[in-house]
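Breakdown of the fold
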Amino acid sequence: MSTLESPVRNIVTVFGTRPEAIKLFPLVHTLEADERFDSRVLVTGQHRGMLDQVLEIAGVTPHHDLDVMQPNQSLDALTARLLTGIGSVLDTEQPDWVVVQGDTATAMCGALAAYYRKIPVCHVEAGLRSGDIYHPWPEEVNRKVIGSFAALHAAPTDTSAAALHRENVDPAIVHVTGNTVIDALHWITAKVEAEPSLAWDLADVEERFAGKRIIGVTSHRRENFGDGMRNIAGAIKRLAAREDVALIFPVHLNPNVRAIMNAELEGLDNVALLEPLDYPHFARLLDICTLMLTDSGGVQEEAPALGKPVLVMRETTERPEGVEAGTAKLVGTDEDTIVREVERLLDDESAYLAMAKAHNPFGDGKSAARIADLLAR
Ligand code: UD1
Ligand code: UDP
């Protein structure tokens, strides 16, 4: 705990999945370089391989690693492990602030463990709301729980700040900071420019698909397991029948995703099913693709920033900024709708150009510095 003699703020930043790691490494870099802070990193290991990929490229060495991941983990068992594990680290560290990001089980449990100890919580990427507690599930409720008691809400946009105001959060503790994903994207782009070999491992697949238009695909949402995933696979299969396109799909490590995608799509001529890409290679995929087809949250922010149309395989989105600007479109998980919307972009140049405009409502790459200043106040 800091004292009057020692105004240094002790911060514990908690994360455990790939997207949290990507969106928090810029803040960890900033806190580590700033003498106003003693920065500690607690990773839960909710994701193991996909988290470690980010830690390695970002050069982040955690002070604590709970290593909680179990194969095909259930939400309740995961939540129990996270809550008790994070709680005992907070008892040791006794920080001035706990920082969490987004809406994962790790973020919700990190915030709750802090609240149980009356430690103030800074919520990064606060105020995203779809208005539907089952889309995305369970993320909408996770972020509402955090939002109900966070002491500092770092909202990425005016829209997310307004959502918090509507929930009667004190405006004095809501700040529009931009989304740290743009900081991360700038950082990785500069790193790959300085060291191009970091993104060379896609060369084989790029050569295999030379002359074709590339569709980048990601999919992992729990609410899409089963029929939703089967529809997505069916749409990919139909699109892959076209000779002028190829689909590059780094498949999430969740066994519920892999079982369906491998069974339905393995061996198709115009489909490359890959292991999850590290961030430099995923940035390369964003760069070479004609469009992205995804149910991811983060990709909805990155693709528009790079001028790539993004078709969102969800019923709702908590990121309406891209849709309003015309760079993102909701297509749900109906097979015919997905195929029709992709083909419209492939075959109608004016429809494509209307979506393919660089649009960046999510930040200017300086979000981490703004959040650090708020934590220092
Ligand atoms: C989690 C988050 C979701 C986020 C997503 C990002 C929750 C409830 N869900 O979903 O909000 O959008 O991460 O990707 O917090 N696995 C591995 N290795 C890994 C990662 C996952 O093997 O590196 C497998 C394991 O079998 C694990 C399973 O995937 O049990 C599910 O992981 P989990 O974090 O529970 O759910 P996600 O669907 O990844
Ligand atoms: N990403 C990555 N490799 C991949 C797929 C995604 O590095 O193979 C990155 C992507 O750039 C984005 C983040 O992972 O920053 C999104 O993670 P995910 O889709 O798993 O979670 P969500 O954003 O939906 O919570």
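Because the structure is a prediction, the values reported are computed rather than measured.

**Comments concerning the sheet that holds strand S13 (residues 328-330)**
- The strand order across the open sheet built from six strands is S10-S9-S8-S11-S12-S13, with neighbouring strands paired in parallel fashion. One side of each edge strand has no neighbouring strand; the edge strands of this open sheet are strand S10 (271-274) and S13. Adjacent strand axes in the sheet meet at a mean angle of 20 degrees when their direction is disregarded.
- Two strands pair when backbone bridges link them, and strand S12 (residues 310-312) and S13 are joined in this way by three bridges, in the parallel orientation. Across the sheet, Val312 pairs through a bridge with Leu330, a residue of S13.
- The sheet strands contacting helix H10 (residues 255-265) are strand S9 (245-250) and S10, and the helix crosses S10 at an angle near 150 degrees.

**Regarding unusual backbone geometry**
- Residue Pro136 is bonded to the preceding His135 through a cis peptide linkage, with omega at -5 degrees.
- Mapping Pro136 onto the fold places it in the loop between strand S5 (121-124) and helix H5 (139-147).
- The phi dihedral of Gln94 is positive, around 45 degrees, even though this residue is not glycine.
- One can find Gln94 in the loop between helix H3 (75-93) and strand S4 (97-101).
- On the basis of relative accessibility, which here comes to 45%, the residue Gln94 falls in the partly exposed class.

**Focus on the nonpolar core**
- Phe15, Leu27, Val99, Cys122, Tyr279 and Leu375 are the most contacted members of the largest nonpolar core, which has 41 residues in total.
- For this core, the element with the highest residue contribution is helix H1 (residues 18-32), accounting for seven residues.
- The residues contacting Tyr279, other than those within four sequence positions of it, are Ile22, Phe25, Ile57, Val181, Ala184, Leu185, Ile188 and Glu302.
- By size, the runner-up hydrophobic cluster in this structure holds 31 residues, among which are Ile215, Leu247, Leu311 and Val331.

**Describing the environment of Thr13**
- Secondary-structure assignment places Thr13 in strand S1 (residues 9-15).
- In the structure, Thr13 is positioned 27 residues away from Arg40 in sequence and 6.3 Å away in space, judged by C-alpha atoms.
- Residues in contact with Thr13, not counting those within four places in the same chain, are Leu24, Val28, Leu31, Arg40, Val41, Leu42 and Val99.

**Section: the pattern of salt bridges**
- One pass over the structure, following the stated rule, counts 34 salt bridges.
- When the shortest N-O distance is used, the salt bridge between Asp347 and Arg242 registers 2.8 Å. On the criterion of sequence distance, the pair formed by Asp347 in helix H14 (residues 335-347) and Arg242 in the loop between helix H9 (227-240) and S9 is long-range, its members being 105 residues apart.
- Note on Asp347: relative accessible area 52%, which makes it exposed.
- Note that Arg319 is salt-bridged to Glu318, the shortest N-O span being 3.2 Å.
- Classification of Arg319 by relative accessible area gives buried; the value is 5%.
- Counted as one network, the salt bridges with shared partners bring together Lys23, Asp103, Glu125, Glu140, Arg143, Glu301, Arg314, Glu318 and Arg319.

**Considerations on the layout of surface pockets**
- Put simply, the second largest pocket is a space of about 270 Å³.
- When contributions to the lining of the second largest pocket are tallied by element, the ones reaching two or more residues are helix H7 (180-194) and helix H11 (279-288).
- For the lining of the second largest pocket, a count of residues per class yields eight nonpolar, one polar and three charged.

**Remarks on the site of ligand 2**
- Surrounding ligand 2, one finds 14 residues, the nearest of these being Leu277, Ser296, Gly297, Gly298 and Glu302.
- The separation between an oxygen atom of ligand 2 and a polar side-chain atom of His220 is 2.9 Å.
- At a separation of 2.7 Å, an oxygen atom of ligand 2 approaches a polar backbone atom of Gly297.
- Taken by itself ligand 2 offers 540 Å² of open surface, and the protein chains cover 94% of this.
- Elements with a contribution of two residues or more to the shell around ligand 2: H1, H11 and helix H12 (298-305).
- When residues in the shell around ligand 2 are grouped by element, the largest group, three residues, is from H1.
- Its residues assigned to classes, the shell around ligand 2 shows seven nonpolar, four polar and three charged.

**Structural notes on the site of ligand 1**
- Surrounding ligand 1, one finds 25 residues, the nearest of these being His47, Gln70, Ala105, Glu139 and Arg222.
- Here an oxygen atom of ligand 1 and a backbone polar atom of Gln70 are 2.7 Å apart.
- A distance of 2.7 Å is found between an oxygen atom of ligand 1 and a backbone nitrogen or oxygen belonging to Ala105.
- In isolation ligand 1 has 740 Å² of accessible area, and contact with the protein removes 94% of it.

About the criteria used
- Residues numbered from 1 in each chain as written.
- Chains lettered and ligands numbered in written order.
- Predicted model: local features only at pLDDT ≥ 70, side-chain atom pairs only at ≥ 80, totals over all residues.
- Heavy atoms only, no water.
- Pairing = 2+ DSSP bridges.
- Helix = DSSP H or I, 4+ residues; strand = E, 2+ residues; numbered from the N terminus.
- Axes fitted to C-alpha atoms, helices over the stretch in contact; angles between N-to-C directions.
- Contact = heavy atoms within 4.5 Å.
- Buried < 20%, exposed > 50% of the residue type's maximum accessible area, 1.4 Å probe, protein only.
- Core = buried A, V, L, I, M, F, W, Y, C linked by side-chain atoms within 4.5 Å.
- Salt bridge = Lys/Arg side-chain N within 4 Å of Asp/Glu carboxyl O.
- 1 Å grid on protein atoms, 1.4 Å probe; cavity = no way out; pocket = protein on both sides within 12 Å on 5 of 7 lines; lining within 4 Å.
- Points joined across faces, edges and corners; volume = space filled by probe spheres on them.
- Nonpolar A, V, L, I, M, F, W, Y, C, P; charged D, E, K, R; others polar.
- Near = heavy atom within 4 Å.
- Polar contact = N/O pair within 3.5 Å; in protein donor to acceptor, adjacent residues only side chain to side chain.
- Areas by Shrake-Rupley, 256 points an atom, 1.4 Å probe, with all protein chains shown as cover.

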